[in-house]
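Summary of the model geometry
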Amino acid sequence: MSEKLIEVVENAGIVRLTISRPKALNALNSDVLAELGSVLSDLEARDDLRAVLITGAGDKSFVAGADIGEMRDKTPEEARAFARQALATFKRLETLPVPTVALVNGFCLGGGCELALACDWAVASDNAIFGQPEVLLGVIPGFGGTQRLPRRVGPAMAIDLVATGRKIDASEALRIGLVNRVMAPAELEAYTEELTKQLSGNGPEAVRGAKQAVHDGLDQDLESALSLETSLFALCFAGKEQKEGMSAFVEKRKPNF
Ligand code: CAA
């Protein structure tokens, strides 16, 4: 039997996905993308899911980019198909109705950075290295980097990174807002476990609504986005979570979602 490229480990609705091609620093080839897409499709169908973590196998790399060996001889049409496969897979991750956390344990370059950008949170070890080095290979980012990076860090910093291809360390990634937290590698596991536990303890419908409002709102003008927020806010009052959350506050107890 062939080895799995995506390892899936689950505990109480918290699913951890590990991209497992450590000899190639977990570079994304079409087999990895296909397997990731299939795993995400199974997760989409579940209503007991609370959070998803994604990381890279080994202690050196999260994901060092799209697979350069595979891309080298592609025609424009094949490159388009490869990019579309990645974009569809990352969209699945981005629109999962639960919090998603990229656990960045090393190189986070090109397609790897674009993968992290498709997650809600990025938590990095202090030795992680980030960048969009595609121009150094004669191409531009093709897995969403030119669009998600400016939305995360602003257009000036995005152009700086995309046009120079320079690599940045974890502290700069934190300063520009590319990642949420940076810590020593030894602390990463415990922190992420605590974060996912905290996230998964919140009302799942409210978390889903908050995520949808942010993502869908970013693609709309402000008026439409605020109107979307109002609709989703009002919808909360049709469900059980709002009753439980507000009753728990008034009754001075912890909510049970
Ligand atoms: N694709 C394919 N293989 C890769 C890879 C990638 N993106 N990154 C690393 N590897 C492979 C190397 O070829 C090497 O394989 P071999 O042992 O068989 O030679 C193995 O992983 C280990 O890599 P190195 O020996 O290079 O390790 P290093 O510690 O010296 O350097 C590195 C690490 C700085 C990350 C370096 O490997 C590197 O620069 N990798 C490429 C990074 C990159 O350019 N990423 C962007 C890719 S393009 C992209 O992602 C386009 C897009 O938007 C869709």
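What you are looking at is a predicted structure, and each value in this text was computed from that prediction instead of being measured.

What counts, and at which threshold
Residues numbered from 1 in each chain as written. Predicted model: local features only at pLDDT ≥ 70, side-chain atom pairs only at ≥ 80, totals over all residues. Heavy atoms only, no water. 1 Å grid on protein atoms, 1.4 Å probe; cavity = no way out; pocket = protein on both sides within 12 Å on 5 of 7 lines; lining within 4 Å. Points joined across faces, edges and corners; volume = space filled by probe spheres on them. Helix = DSSP H or I, 4+ residues; strand = E, 2+ residues; numbered from the N terminus. Nonpolar A, V, L, I, M, F, W, Y, C, P; charged D, E, K, R; others polar. Pairing = 2+ DSSP bridges. Axes fitted to C-alpha atoms, helices over the stretch in contact; angles between N-to-C directions. Buried < 20%, exposed > 50% of the residue type's maximum accessible area, 1.4 Å probe, protein only. pLDDT = per-residue confidence, 0-100. Expected span 1.5 Å × (residues − 1). Contact = heavy atoms within 4.5 Å. Domains from an automatic or database assignment. Buried area = accessible area lost by both parts, 1.4 Å probe. Phe/Tyr/Trp six-rings, centres within 6.5 Å; stacked < 30°, edge-to-face > 60°.

**Observations concerning the layout of surface pockets**
- One number sums up the size of the largest pocket: a volume of about 660 Å³.
- In this structure, the largest pocket is lined by 26 residues; those nearest its centre are Glu94, Lys211, Val214, His215 and Leu218.
- Secondary-structure elements contributing two or more residues to the lining of the largest pocket are helix H3 (76-94), helix H5 (145-153) and helix H9 (204-218).
- By residue class, the composition of the lining of the largest pocket is twelve nonpolar, four polar and ten charged.

**What about the sheet that holds strand E6 (residues 107-109)?**
- One open sheet holds the four strands; their spatial order is E4-E6-E8-E9, and the pairing between them is mixed. Each end of this open sheet is capped by a strand with a single partner; those strands are strand E4 (61-63) and strand E9 (167-169). When the angles between neighbouring strand axes are averaged without regard to direction, this sheet yields 20 degrees.
- Bridge count for strand E8 (residues 129-131) against E9 is three bridges, and the pairing is antiparallel. Its bridge partner lying in E9, Ile129 is registered against Asp169.

**Observations regarding the pairing of strand E7 (residues 121-125)**
- Of all five residues in E7, four are buried, a share of seventy percent or more.
- Where strand E5 (residues 100-104) lies against E7, four bridges are found, and the strand directions are parallel. Directly across from Val101, in E7, lies its bridge partner Trp121.
- Relative to strand E10 (residues 181-183), E7 is paired through three bridges, and the arrangement is parallel. Across the sheet, residue Ser125 finds its bridge partner in E10, namely Met183.

**Observations regarding the confidence of the model for the protein**
- The predicted model of the protein has a mean per-residue pLDDT of 95, with 99% of residues at 70 or higher.
- Listed scores for the predicted complex are pTM 0.95 and ipTM 0.98.

**Quick look at helix H8 (residues 185-201)**
- In a regular helix each residue adds 1.5 Å, so 17 residues correspond to 24 Å; H8 covers 25 Å between its end C-alpha atoms and thus fits that length.
- When we look at burial in H8, the residues that qualify are Leu188, Thr192, Leu195, Thr196, Leu199 and Ser200.
- Contacts from the buried residues of H8 go to strand E2 (14-19), strand E3 (51-56), E5, E7, E10 and H9.

**Things to note about the sheet that holds E3**
- Spatially, E1-E2-E3-E5-E7-E10 is the arrangement adopted by the six strands of the open sheet, whose pairing is mixed. At either margin of the open sheet sits one strand with a lone partner, and together these are strand E1 (6-11) and E10. Averaged over all adjacent pairs, the angle separating strand axes in this sheet is 20 degrees, with direction ignored.

**Looking at the domain arrangement of the protein**
- Annotation of the protein at the domain level lists domain 1 (6-199) and domain 2 (202-250).
- Look at where the C-alpha atoms of domain 1 and domain 2 centre, and you get two points 27 Å apart.
- Across the contact, twelve residues belong to domain 1 and seven residues belong to domain 2.
- Between domain 1 and domain 2 lies a buried interface of about 790 Å² when both sides are counted; carbon and sulfur atoms form 42% of it.

**Topic: the packing of aromatic side chains**
- As enumerated under the stated definition, the model contains three aromatic pairs in all.
- Both rings, one in Phe90 and one in Phe143, keep their centres 5.9 Å apart while their planes meet at 90 degrees; by these two values the pair is edge-to-face. Placement of the pair is Phe90 in helix H3 and Phe143 in the loop between E8 and H5, with a sequence separation of 53 residues.
- The buried category is assigned to Phe90, whose relative accessible area is 0%.

**Some details on the pairing of E5**
- Most of E5 sits out of view: five of its five residues are buried.
- Pairing analysis gives four bridges linking E3 to E5, with the strands arranged parallel. What sits directly across from Val52, in E5, is Thr100.

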